[in-house]
Amino acid sequence: MSYKFHQFQVVGRGLPTETDEHPKIYRMKLWATNEVRAKSKFWYFLRKLKKVKKSNGQMLAINEIFEKNPTTIKNYGIWLRYQSRTGYHNMYKEYRDTTLNGGIEQMYTEMASRHRVRHHCIQVIKTATIPAKLCKRESTKQFHNSKIKFPLVFKKVRPPTRKLKTTYKASRPNLFV
Amino acid sequence: MPFKRYVEVGRIALVNYGKDYGKLVVIVDVIDQNRALVDAPDMVRGQMNFKRLTLTDIKIDIKRVPNKKTLIAALEAADVKNKWESSSWGRKLIVQKKRASLNDFDRFKIMLAKIKKAGVVRQELAKLKKETTC
């Protein structure tokens, strides 16, 4: 499963000067499509928090963070700040997924579809793995059922490879499962 | 017409698209409305969209998200492989695979066998025709 957004840990600090031999080191975890963008994002956020820029700072480390248990399902809570046409808003969203990157990708696509917010207008404040008891949204809570059971209502008939796709079919498909 | 095949923990499904095409997998948990956590003895447990799965009639008795050993043991206990291969759907798939993997000599042998079979059938038909007309 390849995800568009990767999680990076970026560590950086201001350059040492005569007055400050050992400047404080800052570490951030953020999501970006690649390392270059992650570094840029790091300086963007750090500029807003501390008096340091890329020109008088240095990058110490950048590592990609991978999911520890991609085979278990988790409930992710994501706190975000986004810019709409009229101003900035905070939001809390929940997603069920196997990996945090998958949850973040769901978040970006959902924000784009539901609120028309492009990904550069979204800032992820915090993410957390939420235990089932503390989930707030009904749409995630409805899957917290150990005896979950539902039928697949429509059967979409698909050719098994894209190559066998045809524009015209001889007869109407039968959607009955 | 109520539904007979449900998405549930332990349902066996056939993968009908993608890299694992043709494999039998067990639905081990449901992620959300469109995806299930799916497992098979020879693959890493992963997520799969329901659009890639066709549910079968076979269901095994497992708890939500068992570990690999328990899963394999449950599959053996329910004898899924034999049940599948003796079901009409399973048999059809086996025949399809066999037909796709024939070489020219096999096809020649099949042609001879078909001719022989048709000859025997026609003889019997001629016999029956004679009995009814005479």
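Cut-offs used in this document
- Residues numbered from 1 in each chain as written.
- Chains lettered and ligands numbered in written order.
- Predicted model: local features only at pLDDT ≥ 70, side-chain atom pairs only at ≥ 80, totals over all residues.
- Heavy atoms only, no water.
- Helix = DSSP H or I, 4+ residues; strand = E, 2+ residues; numbered from the N terminus.
- Rg over C-alpha atoms; globule rule 2.2 N^0.38 Å.
- Buried < 20%, exposed > 50% of the residue type's maximum accessible area, 1.4 Å probe, protein only.
- Contact = heavy atoms within 4.5 Å.
- Areas by Shrake-Rupley, 256 points an atom, 1.4 Å probe, with all protein chains shown as cover.
- Pairing = 2+ DSSP bridges.
- Axes fitted to C-alpha atoms, helices over the stretch in contact; angles between N-to-C directions.
- Phe/Tyr/Trp six-rings, centres within 6.5 Å; stacked < 30°, edge-to-face > 60°.
- Lys NZ or Arg CZ within 6 Å of the ring centre and 35° of its normal.
- Polar contact = N/O pair within 3.5 Å; in protein donor to acceptor, adjacent residues only side chain to side chain.

> What am I meant to see in the overall build of chain B here?
A tally of helices and strands in chain B yields 4 helices and 6 strands. For 134 residues, the compact-globule estimate of 2.2 N^0.38 gives 14 Å, and chain B exceeds it by more than 25% at 22 Å. Viewed in the frame of its principal axes, chain B has a C-alpha envelope of about 70 × 40 × 30 Å. Taking all 134 residues of chain B together, the buried fraction comes to 34%. Look at the contacts in chain B between residues 6 or more apart in sequence, and 47% of them connect residues 24 or more apart. About 9,300 Å² of surface is accessible on chain B, with carbon and sulfur atoms providing 57% of the total.

> Just to check I follow, could you spell out the sheet that holds strand 4 (residues 74-83) of chain A for this structure?
All names here are of chain A. Strands sit in the order 5-4-6 across an open sheet of 3 strands; the sheet is antiparallel. Both outer strands of the open sheet, strand 5 (88-97) and strand 6 (122-130), are each paired with one neighbouring strand and no more. On average, each strand axis in the sheet is inclined to that of its neighbour by 20°, with strand direction left out of account. In the packing of helix 2 (residues 100-115) onto the sheet, the strands contacted are strand 4, strand 5 and strand 6, and the crossing angle to strand 5 comes to about 130°.

> Looking at this structure, how should I read the packing of aromatic side chains?
Applying the stated criterion across every chain yields a total of 6 aromatic pairs over all chains. On the numbers, 4.2 Å between centres and 25° between planes, the contact of A:F5 with A:Y108 is stacked. Of this pair, A:F5 sits in the segment before strand 1 (6-14) while A:Y108 sits in helix 2, and the two are 103 residues apart along the sequence. Residue classification places A:F5 among the buried residues on the basis of a relative accessible area of 5%. On the basis of relative accessible area, A:Y108 is assigned to the buried category, the value being 9%. Taken together, a centroid distance of 5.7 Å and an interplanar angle of 85° make the contact between A:F150 and B:F50 edge-to-face. Taken together, the residues span two chains, with A:F150 in strand 7 (residues 149-151) and B:F50 in the loop between strand 5 (43-49) and strand 6 (53-59). Judged by relative accessible area, which is 6%, B:F50 ranks as buried. Over the ring of A:W79 we find A:K126, and its NZ or CZ is 4.6 Å from the ring centre.

> For this particular structure, what's the right way to read the side chain of A:E110?
Residues and elements named next belong to chain A. Along the chain, E110 turns up in helix 2. Classification of E110 as buried rests on a relative accessible area of 19%. Separated by 3.2 Å, the side chains of E110 and K93 make a polar contact. For E110, the contacting residues outside a window of four places in its chain are K93, Y95 and H115.

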